[in-house]
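# Residue-level structure breakdown
As a plain string of letters, each chain reads:
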Amino acid sequence: MKTLKNSFKVIYSLVGLLLIAAGANAQQHNNDIPKPKLLTVDKSLTKAEADQLMQASLMFYAFWNTGNEKYLRQAVSADFHDNTLPDGRPQGYKGIPFASANFRKAVPDLRCSVEDLIITKDKVVCRQIYTGHNTGAIMRHKASGKAIQFFAIDILHIRKGKIYEDWHLEDNLNFLLQTGVVKL
């Protein structure tokens, strides 16, 4: 009887480990969440600290990759502040989905890849590449139908697992050239 109980404990433990592994594996295979091509982590961080910073940033880029606000809610604090706010975009948390929705009108198939992710004590620096096709109007200009590709760089400040502040720079000129809005 004791051997049978021990066998069941081992089986339950193995099933539990398999379920945990399957859950982790499912998250790893979620195409919504960009996987960093290059990753640099400050060696003074504990694994838990680094994981928390990485989780917040990857959920942020999963939002930019998909436009799905469930990722944004996981990544960004309610008191978020954009230090490089473009004209016409609302400040704070609401400005992020506003920007995404308006950009996706021009590039509905927008995708974000994380090329380089640098994790430090309380911030993440990220270089991304955005791709898609200009199939919607931009500033009263007809869609070009052309493929687009441009880069962006962010500095995300993170506190308690949430992004509360950022600085960002996008290659807007290259984007506008590719879509035909600007001609040189």
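Note: the structure precedes this text.
So, a few notes on the structure that sits alongside this text. (Residues numbered from 1 in each chain as written. Predicted model: local features only at pLDDT ≥ 70, side-chain atom pairs only at ≥ 80, totals over all residues. Heavy atoms only, no water.)

## Structural notes on the pattern of salt bridges
Where charged atoms from two side chains of opposite charge approach closely, those side chains can pair. Counted according to the given criterion, the structure contains 5 salt bridges. Of the charged contacts, one joins Lys37 and Glu115 as a salt bridge, the two residues approaching to 3.0 Å between their closest N and O atoms. One end of the pair, Lys37, is in the loop between α1 (2-28) and β1 (38-41); the other, Glu115, is in strand β3 (residues 111-119), and 78 residues separate them in sequence. Overall, Lys37 belongs to the exposed group, its relative accessible area being 57%. Judged by its relative accessible area of 13%, Glu115 falls in the buried class. Note that Asp51 is salt-bridged to Lys47, the shortest N-O span being 2.8 Å. Of this pair, Asp51 and Lys47 both sit in helix α2 (residues 47-66), 4 residues apart, which is roughly one turn of that helix. Judged by relative accessible area, Asp51 falls into the partly exposed class, the value being 36%. (Salt bridge = Lys/Arg side-chain N within 4 Å of Asp/Glu carboxyl O. Helix = DSSP H or I, 4+ residues; strand = E, 2+ residues; numbered from the N terminus. Buried < 20%, exposed > 50% of the residue type's maximum accessible area, 1.4 Å probe, protein only.)

## As for the packing of α2 against helix α4 (residues 95-106)
For the pair α2 and α4, interaxial distance at closest approach is 9 Å and the crossing angle is 30 degrees. In this view, α2 runs roughly parallel relative to α4, as classed from their interaxial angle. Two secondary-structure elements touch here, α2 through Phe60, Phe63, Trp64, Asn65 and Thr66 and α4 through Ile96, Pro97, Ala99, Ser100 and Arg104. (Axes fitted to C-alpha atoms, helices over the stretch in contact; angles between N-to-C directions. Parallel < 35°, antiparallel > 145°, perpendicular 65-115°, else oblique. Contact = heavy atoms within 4.5 Å.)

## Considerations on the sheet that holds strand β6 (residues 162-170)
Pairing in this open sheet of 6 strands is mixed, and the strands run β1-β3-β4-β5-β6-β2 from one edge to the other. The sheet is open, and its two borders are formed by β1 and β2 (76-82), each paired with just one other strand. Each strand of the sheet is rotated relative to its neighbour by a mean of 30 degrees, with strand direction disregarded. Sheet analysis places β3 next to strand β4 (residues 123-133), joined by 8 bridges and oriented antiparallel. Along β4, the bridge assignment pairs Ile118 with Val125. Across the sheet, α2 lies against β1, β2, β3, β4, β5 (147-159) and β6, angled at about 160 degrees from β3, the strand it touches most. (Pairing = 2+ DSSP bridges.)

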